[in-house]
Amino acid sequence: MPDSNMLNIETLVPWLDRTLPELGDGPLAAEILTGGATNIVMRIDRGGTSVVLRRPPLAPRPDSFKVLGREARVLGALNGTPVRKPELIAYCEDQSVLGVPFYIMEYVPGWLAMDPKKFPAAFDPPEIRRQLAFELIGGIAELAKVDYRAVGLEGFGKPDGFLARQVDRWLYQHASYADSEGYGYRPLPGKDVVVDWLRANTPETPQVGIIHGDYGYPNALFAPEAPARLAAMIDWELSTIGDPLLDLGWLMYAVPSERSAVRPPELYQDASYPLREELVDHYAAITGRPVVNLTYYMVLAQFKLAMLLERHYARGLNGRLDRDMGEQMGALVLDLLRAASEMTHEFDGASERQMA
């Protein structure tokens, strides 16, 4: 059972009785599923029913309460849509219950396909593993089709000029580490090339929609049994309204391509997975929209992730994160910028050949 700083049973149980009587009135049991600097996620059992409680960390960031409220809003808006995610059950802003806002969502059994060496035995056959990637793509394709206005998410983000703001948004994020982490800038080869290329090649957004913002194998629950089936997309804290193709670029930059010589960063890949071209065709088939300017979205995704992960490198240096983990994240930052820079050169070379 989590300690009372995380979960005050004396105040939570009366709130559950008032708000969710359908859970029953038996003794309450709880276990921590994940707990860290971002959020604490707990499985709550009462009366034979399991739900999940998500709350801010014990040392909240300045924006923790706002971020949690945004997560609850987007999950609630997507209730009843084809998007595979946990159903929002209740959101509580009353801090007298747990001392912080929190929300209750559906408990979805599943597993994370992050390490191919640790997959359930039912997913050993390559033809079954192959379907995991198609299911992963299906999740964001279904999300991209949702009309954000129709589900009540008008004002949830600022879609006008979304892509044009991205470079400055993530440069600002990187610069903030000087104050928050005591970070001294290190050379980041390829960063300036990528920044200049992104500024010069920003496309128009073909379709505005809901973005998950951090979607991939670490945030995709697959059903326990074969065949492969995406059970739920989780961790919606970076969701907003903008260009859904950024979610696709977030997935595709790490997938090998038959048309590109760029070696992608080695993240969550398995030899049985489809090539990039197959997955892009699958996305287009589900959404009914052509995929254009994919290189831009892949370069932007890698730049964004590099700027985010540089914070982990800084925290490894200042002792707030395990140093070995910080070094691993720092090496990944360099690899992301390497691949992004190579993509820009390959794209420019292809454009020049087409024009010659």
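Asks: I keep staring at the packing of aromatic side chains and nothing clicks. Help me out?
Replies: Each aromatic ring pair is described using two quantities: the centre-to-centre distance and the angle formed by the ring planes. Evaluated as defined, the whole model comprises 11 aromatic pairs. With 6.0 Å between their ring centres and 45 degrees between their planes, Trp111 and Phe222 make a pair best called tilted. Separated by 111 residues along the polypeptide, Trp111 in strand β6 (residues 111–112) and Phe222 in strand β8 (residues 220–222) bring together distant segments of the chain. Residue class for Trp111 comes out buried when judged on its relative accessible area of 12%. Ring pairs connect the aromatic residues Trp111, Phe119, Phe123, Tyr217, Phe222, Tyr268 and Tyr273, which therefore count as one cluster. Lying across the ring of Phe156, Arg70 places its NZ or CZ 3.9 Å from the centre. Looking at Arg169, its charged tip hangs above the ring of Trp170, at a distance of 4.1 Å from the centre.

Asks: Whenever I open this one, the sheet that holds β6 confuses me. Can you help?
Replies: Whether parallel or antiparallel, the strands of a sheet pair through hydrogen bonds between backbone atoms. Ordered in space as β6-β8-β9, the 3 strands form an open sheet in which the pairing is antiparallel. The sheet terminates laterally at β6 and β9 (230–233), the two strands that pair on one side only. In terms of strand pairing, β8 meets β9 through 3 bridges, oriented antiparallel. When the sheet's bridge partners are listed, Phe222 is paired in β9 with Leu230. Helix α4 (residues 126–144) contacts β6, β8 and β9 of the sheet and is inclined by roughly 45 degrees relative to β9.

Asks: What's the story with the pattern of salt bridges in this structure? I'm lost.
Replies: A side chain of one charge can pair with a side chain of the opposite charge when the charged atoms of the two come close. Evaluated as defined, the whole model comprises 21 salt bridges. Across the salt bridge formed by Asp270 and Arg129, the nearest N and O atoms sit 3.0 Å from each other. Taken as a pair, Asp270 in the loop between α8 (245–252) and α9 (276–287) and Arg129 in helix α4 lie far apart in primary sequence, 141 residues in all. Each member of the pair, Asp270 together with Arg129, is buried. Its salt-bridge partner being Arg186, residue Glu310 comes within 2.7 Å of it at the nearest N-O pair. You can see Glu310 sitting in helix α10 (residues 294–318) and its partner Arg186 sitting in the loop between α6 (177–180) and α7 (191–200), a full 124 residues away along the chain. Neither Glu310 nor Arg186 differs from the other in exposure class; each is buried. Each of the salt bridges in this network shares a partner with another, and the network as a whole consists of Arg54, Glu71, Asp235 and Glu237.

Asks: Would you mind going over the nonpolar core with me for this structure?
Replies: A general tendency of soluble globular proteins is for nonpolar side chains to be buried together. Leu132, Leu198, Ile210, Phe222, Met252, Tyr253 and Phe303 are the most contacted members of the largest nonpolar core, which has 84 residues in total. The element that contributes the greatest number of residues to this core is α10, accounting for 12 residues. Non-local contacts of Ile210, meaning those with residues more than four positions away in its chain, are made with Val74, Leu78, Leu143, Val146, Tyr148, Val151, Leu153, Thr240, Ile241, Pro244 and Asp247. Counting 22 residues, the second-largest nonpolar core is a separate cluster that includes Leu7, Leu20, Val97 and Val100.

Asks: Looking at this structure, I do not really get the packing of α4 against α9. What am I missing?
Replies: In a pair of packed helices, the angle between the axes and the distance between the axes together describe the arrangement. As a packed pair, α4 and α9 sit with axes 9 Å apart at the nearest point and diverge in direction by 40 degrees. Crossing of α4 over α9 shows right-handed handedness. Taken together, the residues of α9 that come into contact with α4 (itself represented by Arg130, Ala133, Phe134, Ile137, Gly138, Ile140, Ala141, Glu142 and Ala144) are Glu278, Leu279, His282, Tyr283, Ile286 and Thr287. Of the residues in the contact of α4 with α9, the class split is 9 nonpolar, 3 polar and 3 charged.

Scoring rules and cut-offs
- Residues numbered from 1 in each chain as written.
- Predicted model: local features only at pLDDT ≥ 70, side-chain atom pairs only at ≥ 80, totals over all residues.
- Heavy atoms only, no water.
- Phe/Tyr/Trp six-rings, centres within 6.5 Å; stacked < 30°, edge-to-face > 60°.
- Helix = DSSP H or I, 4+ residues; strand = E, 2+ residues; numbered from the N terminus.
- Buried < 20%, exposed > 50% of the residue type's maximum accessible area, 1.4 Å probe, protein only.
- Lys NZ or Arg CZ within 6 Å of the ring centre and 35° of its normal.
- Pairing = 2+ DSSP bridges.
- Contact = heavy atoms within 4.5 Å.
- Axes fitted to C-alpha atoms, helices over the stretch in contact; angles between N-to-C directions.
- Salt bridge = Lys/Arg side-chain N within 4 Å of Asp/Glu carboxyl O.
- Core = buried A, V, L, I, M, F, W, Y, C linked by side-chain atoms within 4.5 Å.
- Left-handed = near helix turned anticlockwise from the far one by under 90°.
- Nonpolar A, V, L, I, M, F, W, Y, C, P; charged D, E, K, R; others polar.

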